[in-house]
Amino acid sequence: MNPIRKLRRRFIALATLAVCIILIGALGLINGIGYYTMKNHCLDTMAFISENGGTMPSRYHRNPSIWIEDILPGFTWAEDTPEFAFQTRYFSIRLNEDREITQVNVKNIYAFSEKQAVEFVKTALTEDEESGFIIKNKTHYGYMKTNLKDGGSLIVIMDCTREFSDVHTFISYSFWFGLLCVILYVIILASLSKKAIEPFVRNAENQKRFITNASHELKTPLAIISVNAEAMEMMEGKNEFTEGIRKQVRRMSGLISHLILLSKAGESTKAELKPEVFALKDVLKRNVEEFDVLAQDQQKKLTLACEEDFKVKTDEKFLSEILHILLDNGIKYCDDEGTITVSAVRGPKKEIRLSVSNDYKDGKDVDYKRFFERFYRNDESHNSKKSGYGIGLSIARELSGLLSIPLTVNWKDGRIYFTLIMKEGN
């Protein structure tokens, strides 16, 4: 994926996540307060009915007990009207101290006869709590048990369906409102994000252009320095001075090549890929042969372990470039007289695990998460005695991302492993 497009998508995703958290928190708080207020309103109404012997007077005056009513004066204005008592649907049953029914009041509810009211109260009496809510046939009823001074008890049942329905409706509207806000936010942010990251895009393009131009401009003086060093060797013979010049020229030339490759890796897109099916073992063998002489010069052993003739489908050129970087890195930082191994095996999920590993006995406590950072060089393994620039692995990660092939690094039993997880081709 193009880095700019990836940055833009990440920016939109993080901004949307922040808005979602705010909306969920705000709407959740509002709905929570509404639900809490509704429940307390129902319980307070049943308490008022209980205080008045199981009936409600024509006008309902009560002291606010819900904290939000202290913040919002007039919050219960509808309850102070003469019609409120006739809008409340409830019934009450009085029991004596022997739990025998002495009075049934069903005048204020139509859905229950006296017999049905008695049966429902039996259900309420089985509840452990003194007050609460029961759902029957998708209808919400509140109940409250009150002990009387004469040893009897009063049970008040109130239809709270309307109150619960209002809260559920508000929660539903809140959900769709929040979802609509998020969708509109994403649409607006997506249309404006391009302009928001435009300075970054411009700076990135200028940086790439500078790297490319500077790299090409540096090649000419380096070539002249190299030619002059060769001329000095022809006239005066080789010496430490000219050898040092040539060594630093080679180092600078390698750095320039890596910078150009890094710039191209960032600009490459999937449209430039040419995936094809090929034998992985042939590609591995060819790359190992190219680096075998370099390994021998450093008294290190380079081996290939690939028993099966796997077929893979990817861009061979980019895959070879990744292998070049990993092999160069493996030979460079392998322990003295150690072994570098290129292997390909079938993984547990039937994928192909291509690994480049080398001996690295001091790698137990190394922070491998930073290995793919540009210009990162570990103090112990990537020291100044070994020629490196700290960008090779970064390029390998860029190219593997372009091929959609995960590249990981881990250390086990004295060896460091760089692993590419590939799908088998047909």
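No experiment lies behind these values; they were computed from the predicted model shown. Every chain's residues receive numbers from 1 upward, in the order its sequence appears when written. Reporting in this predicted model follows two pLDDT cut-offs: at least 70 for local features of residues, and 80 or more for side-chain atom pairs to be given and counted; totals over whole chains, interfaces and linings ignore these cut-offs and use all residues. Processing note: side-chain calculations cover all non-hydrogen atoms of the structure and skip hydrogens and water entirely.

Asker: Now, about the overall build of the chain: what can you tell me, with residues and values included?
Answerer: The helix and strand labels rest on DSSP assignments: H or I over at least four residues marks a helix, E over at least two residues marks a strand, and numbering proceeds from the N terminus. Helix and strand content of the chain: 10 helices and 12 strands. For the exposure calls, accessible area comes from a 1.4 Å probe over protein chains only, and a residue counts as buried if that area is under 20% of its type's maximum, exposed if over 50%, partly exposed in between. Per-residue burial over the chain gives 40% buried out of 426 residues. Considering only intrachain contacts with a sequence separation of at least 6, the fraction spanning at least 24 residues in the chain is 64%. Note on areas: these come from Shrake-Rupley sampling with a 1.4 Å probe, and a residue is covered only by the protein chains present in the view. Per element, the accessible surface of the chain, about 25900 Å² overall, is 56% carbon and sulfur. By definition in these notes, contact holds between two residues if any of their heavy atoms fall within 4.5 Å.

Asker: Account for unusual backbone geometry, naming residues and giving values.
Answerer: At Arg 99, a position not held by glycine, the phi torsion is positive, near 65°. Tracing the chain through its elements places Arg 99 in the loop between strand S1 (90-95) and strand S2 (101-105). What makes Arg 99 exposed here is its relative accessible area of 52%. Positive phi, normally seen in glycine, also occurs at Lys 138, with a value near 65°.

Asker: Please set out the packing of helix H8 (residues 280-297) against helix H9 (residues 316-333) residue by residue, giving values where relevant.
Answerer: Comment: axis = line fitted to C-alpha atoms, over the contacting stretch for helices; angle = value between 0 and 180 degrees taken between N-to-C directions. Relative to each other, H8 and H9 sit at 35°, their axes nearing to 10 Å. For the element pair H8 and H9, the recorded crossing hand is right-handed. Contacts between H8 and H9 involve Leu 280, Val 283, Leu 284, Arg 286, Asn 287, Val 288, Glu 290, Phe 291, Leu 294 and Ala 295 from the first element and Glu 316, Leu 319, Ser 320, Leu 323, His 324, Leu 327, Asp 328 and Ile 331 from the second. In terms of residue class, the contact of H8 with H9 is made up of 11 nonpolar, three polar and four charged. Each helix crossing is assigned a hand: it is left-handed if the near helix lies turned anticlockwise from the far helix by less than a right angle, otherwise right-handed if that turn is clockwise. Classification used: nonpolar for Ala, Val, Leu, Ile, Met, Phe, Trp, Tyr, Cys and Pro, charged for Asp, Glu, Lys and Arg, polar for all others including Gly.

Asker: Residues and numbers for the pattern of salt bridges, please.
Answerer: The term salt bridge refers to a side-chain nitrogen of Lys or Arg lying within 4 Å of a carboxyl oxygen of Asp or Glu. Scanning the model with the defined rule gives nine salt bridges in all. The shortest N-O distance in the salt bridge between Arg 162 and Glu 163 comes to 3.7 Å. Taken together, the salt bridges that share partners define one network made up of Glu 308, Arg 346 and Glu 424.

Asker: Quick rundown of helix H5 (residues 161-196)? Include the residues and the values.
Answerer: Between the first and last residue of a helix there are one fewer steps than residues, each counted as 1.5 Å, and that sum is the expected span. In a regular helix each residue adds 1.5 Å, so 36 residues correspond to 52 Å; H5 covers 50 Å between its end C-alpha atoms and thus fits that length. What is called the bend at a residue is the angle between a pair of axes, fitted to the seven residues leading up to and ending at it and to the seven starting from it. When the local axis directions of H5 are compared, the greatest deviation, roughly 35°, occurs at Ala 190. For H5, every residue scored as buried is listed here: Glu 163, Phe 164, Val 167, Ser 174, Gly 178, Val 182, Leu 189 and Ser 193.

Asker: Let's hear about the side chain of Thr 88: which residues, and what values?
Answerer: Inspection of the secondary structure assignment puts Thr 88 in the loop between helix H3 (84-87) and S1. Ignoring any residue separated from it by four or fewer positions in sequence, one finds Thr 88 in contact with Thr 45, Met 56, Asn 108 and Met 158.

Asker: Lay out the packing of H9 against helix H10 (residues 392-402) with the relevant residues and their values.
Answerer: How two helices sit against one another is set out by the angle between their axes and by the gap between those axes. In contact at an axis separation of 9 Å, H9 and H10 are set at 155° when each is read in the N-to-C sense. Judged by the angle between their axes, H9 and H10 are roughly antiparallel. As H9 packs across H10, the resulting crossing turns out to be left-handed. Contact residues: Phe 318, Glu 321, Ile 322, Ile 325, Leu 326 and Asn 329 in H9; Gly 392, Leu 393, Ile 395, Ala 396, Leu 399, Ser 400 and Leu 402 in H10. Oblique is the label for every angle not falling under 35 degrees (roughly parallel), over 145 degrees (roughly antiparallel), or within 65 to 115 degrees (roughly perpendicular).

Asker: Before we move on, could you go through the confidence of the model for the chain and cite the residues and values that matter?
Answerer: On average, the chain scores 83 in pLDDT, and the residues at 70 or more come to 85%. Across residues 71-78 the pLDDT falls below 50, and counting only partners more than four positions away or on other chains, this stretch makes six contacts in the model. Confidence drops under pLDDT 50 across residues 379-384; counting only partners more than four residues distant or on other chains, this segment forms 13 contacts. Values of pLDDT, ranging from 0 to 100, describe the predictor's confidence in every residue of the model.

Asker: Provide a residue-level description of the nonpolar core, including the pertinent values.
Answerer: Think of a nonpolar core as a cluster: buried Ala, Val, Leu, Ile, Met, Phe, Trp, Tyr and Cys residues, connected wherever their side-chain atoms sit within 4.5 Å. Leu 280, Leu 354, Phe 418 and Leu 420 are the most contacted members of the largest nonpolar core, which has 45 residues in total. Mapped onto this core, the elements with two or more residues apiece are H8, H9, strand S9 (339-346), strand S10 (352-359), H10, strand S11 (407-412) and strand S12 (415-422). Of all the elements, H9 adds the most residues to this core, at eight residues. In terms of nonpolar packing, the next biggest core, distinct from the first, is built from 16 residues, Ile 109, Ala 117, Ile 134 and Tyr 141 among them.

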